[in-house]
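# Structure at a glance
Residues per chain, in single letters:
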Amino acid sequence: MAVFVGSTERSGSGGVWMGELKSSGKSFEISKWEVQRAWEKVRANKGAAGVDGCSLEEFEADLKNQLYKIWNRMSSGSYFPPPVLAVEIPKPHGDGVRILGVPTVADRVAQTVVAARLEEKVEPIFHSDSYGYRPARSALDAVGVCRRRCWKYDWVIDLDIQKFFDSVSWDLIVKAVEAHTDVPWVLLYVKRWLRAPVQQADGTLTERDRGTPQGSAVSPVLANLFLHYAFDAWMAREFPSVPFERYVDDAVVHCVSERQAREVLAAIGDRMEQVGLRLHPDKTRIVYCQDGQRRGSHEHTSFTYLGYEFRQRAARNKHGQRFSAFLPAISKHALKRISAEVRSWRLHHRTGHTFADLARWINPIVRGWMQYYGAFYRSALSQLLTRINAYLVRWIRKKYKRLRAERKAIECWRGITVRYPRMFAHWAWTPSVARV
């Protein structure tokens with residue numbers, strides 16, 4: 001945390017780098033406070049090194065000079081971003097992989113300065129059903145609203161914009177930015193980041209003529225601004241009675257009939273082509289929200305949104321009576337990815353650790369899964385959580401010779417869960433054991 005002493009600020013690493021807060025004799029007025037706050041955000045978000053190999057820890061070791069250099073170059077107009085590093089990662093909810101463009105730590109700080117300035121201007125105009133990367137909004141908010149609307153509306157358009165981050169038009173992004181800022185350096189650096197090349201794993205550079213790298217600090221606000229005009233505001237103008245939820249490039253539209261869904265989908269397809277995008281022909285579909293009350297038939301009766309699969313599921317009302325409802329639960333892809341990660345831990349082979357060691361290691365991970373995928377229809381996680389328990393029982397049997405017998409290990413397990421019911425985060429939901 002930055003601390004002022006007189007007119008001088010001491011950075012979190014103890015270095016003094018701030019004298020006058022405003023640019024003195026510079027081309028652009030950028031406060032050193034803005035750079036400091038941007039660094040604090042970057043540090044909190046963590047992340048890997050970029051093309052220069054400089055980690056957060058290495059950057060912070062020379063924080064005074066690093067931040068001064070960023071501020072000095074940005075203020076004078078001489079900041080030029082390095083290439084972003086192409087990194088292949090699994091999609092967050094388990095459906096395939098995606099390519100991230102990882103900027104250097106210094107470039108993430110610079111991008112965060114610009115993103116903060118731009119967000120001040122555009123956040124107030126964004127649509128109330130835009131949820132991605134916005135203050136006090138989350139993917140779970142989008143899933144919750146989608147769930148309620150699926151009860152009210154019988155039909156859904158599950159939209160998938162094909163390769164959005166690779167295809168979005170630079171000219172239209174710049175036009176949108178120009179409409180919302182009169183700060184010349186914001187526009188200048190947005191243009192430079194759009195043109196920054198991508199460095200592949202083999203070191204070769206790929207030049208681009210469109211798109212904004214997914215993974216950069218400025219991309220979310222640029223993507224939201226573009227889609228505000230390309231989709232949100234257009235939907236509100238052309239189909240004011242048709243609700244939707246959008247999380248960056250992932251959107252669901254609700255319709256009262258199949259006919260309306262087809263008409264709206266055709267119009268959205270035309271709109272995407274107008275702005276240089278394309279709906280994915282295989283992943284975009286019309287879905288019927290089939291349940292106990294809606295007993296019609298259709299080719300598609302389920303869809304996946306933000307890691308949740310929406311489909312007909314068994315439920316109970318407040319009187320304990322069973323009925324069928326259209327509900328979200330963790331998707332098959334997400335469950336498969338998480339299960340593979342649990343297997344990769346090889347918990348039962350880590351006999352050099354204590355039970356408490358294992359708890360400290362896996363609790364933050366499992367708690368995150370529970371908080372996200374357990375927010376709706378949490379019973380869908382039960383099998384996964386009991387499987388983790390089974391690995392822990394196998395750990396007991398391998399760790400202690402006197403507990404090799406399964407019966408004895410289970411008795412020991414039950415005693416631990418009674419005496420220390422909060423040792424593992426998932427025991428609050430599932431203390432039972434499944435066979436592995």
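These remarks concern the structure in this document. This structure is a prediction, so every number in the text was calculated from the model and none was measured.

Turning to the sheet that holds strand S13 (residues 308-316), a few remarks are in order. On the basis of which strands lie adjacent, the open sheet formed by three strands has the order S12-S13-S14 and antiparallel pairing. Both edges of this open sheet fall to strand S12 (303-305) and strand S14 (322-330), since each of them pairs with a single strand only. The sheet shows a mean angle of 50° between the axes of neighbouring strands, taken without regard to direction. Two strands pair when backbone bridges link them, and S12 and S13 are joined in this way by three bridges, in the antiparallel orientation.

A few words on helix H10 (residues 258-274). Across its 17 residues, H10 extends 24 Å between first and last C-alpha, which sits within 8% of the 24 Å expected from 1.5 Å per residue. Of the residues making up H10, those classed as buried are Gln260, Ala261, Val264, Leu265, Ala267, Ile268, Gly269, Arg271 and Met272. Gly276 sits one or two positions beyond H10 and adopts a positive phi of about 85°.

Ranked by internal contacts, the top residues of the largest apolar core, which has 124 residues, are Phe59, Met74, Trp185, Val253, Ile268, Phe303 and Phe355. No other element matches the ten residues that helix H9 (residues 219-238) contributes to this core.

Across its 19 residues, helix H12 (residues 355-373) extends 25 Å between first and last C-alpha, which sits within 8% of the 27 Å expected from 1.5 Å per residue. Remark: the principal bend of H12, roughly 45°, maps to Ile362, with a proline, Pro364, within the next four residues. Listing the buried residues of H12 in full gives Phe355, Leu358, Ala359, Ile362, Asn363, Val366, Trp369, Met370, Tyr372 and Tyr373. Packed against the buried residues of H12 are helix H5 (139-152), S13, S14, helix H11 (332-345), helix H13 (382-399) and helix H14 (406-419).

A few words on the environment of Arg311. Relative to the assigned elements, Arg311 resides in strand S13. A relative accessible area of 32% means that Arg311 is categorised as partly exposed. Setting aside its immediate chain neighbours within four residues, Arg311 contacts Thr301, Ser302, Ala325, Phe326 and Leu327.

One way to put it is that helix H4 (residues 105-122) packs onto helix H8 (residues 184-195) with a least axis distance of 10 Å and a crossing angle of 130°. By the criterion of interaxial angle, the relationship of H4 to H8 is oblique. The way H4 lies across H8 gives a crossing that is left-handed. Contact residues: H4 offers Asp107, Ala110, Gln111, Val113, Val114, Arg117 and Leu118, while H8 offers Trp185, Val186, Tyr189, Val190 and Trp193. Taken together, the residues that form the contact of H4 with H8 break down as nine nonpolar, one polar and two charged.

Conventions adopted
Residues numbered from 1 in each chain as written. Predicted model: local features only at pLDDT ≥ 70, side-chain atom pairs only at ≥ 80, totals over all residues. Heavy atoms only, no water. Pairing = 2+ DSSP bridges. Helix = DSSP H or I, 4+ residues; strand = E, 2+ residues; numbered from the N terminus. Axes fitted to C-alpha atoms, helices over the stretch in contact; angles between N-to-C directions. Expected span 1.5 Å × (residues − 1). Buried < 20%, exposed > 50% of the residue type's maximum accessible area, 1.4 Å probe, protein only. Core = buried A, V, L, I, M, F, W, Y, C linked by side-chain atoms within 4.5 Å. Bend = angle between axes of the 7 residues up to and from the residue. Contact = heavy atoms within 4.5 Å. Parallel < 35°, antiparallel > 145°, perpendicular 65-115°, else oblique. Left-handed = near helix turned anticlockwise from the far one by under 90°. Nonpolar A, V, L, I, M, F, W, Y, C, P; charged D, E, K, R; others polar.

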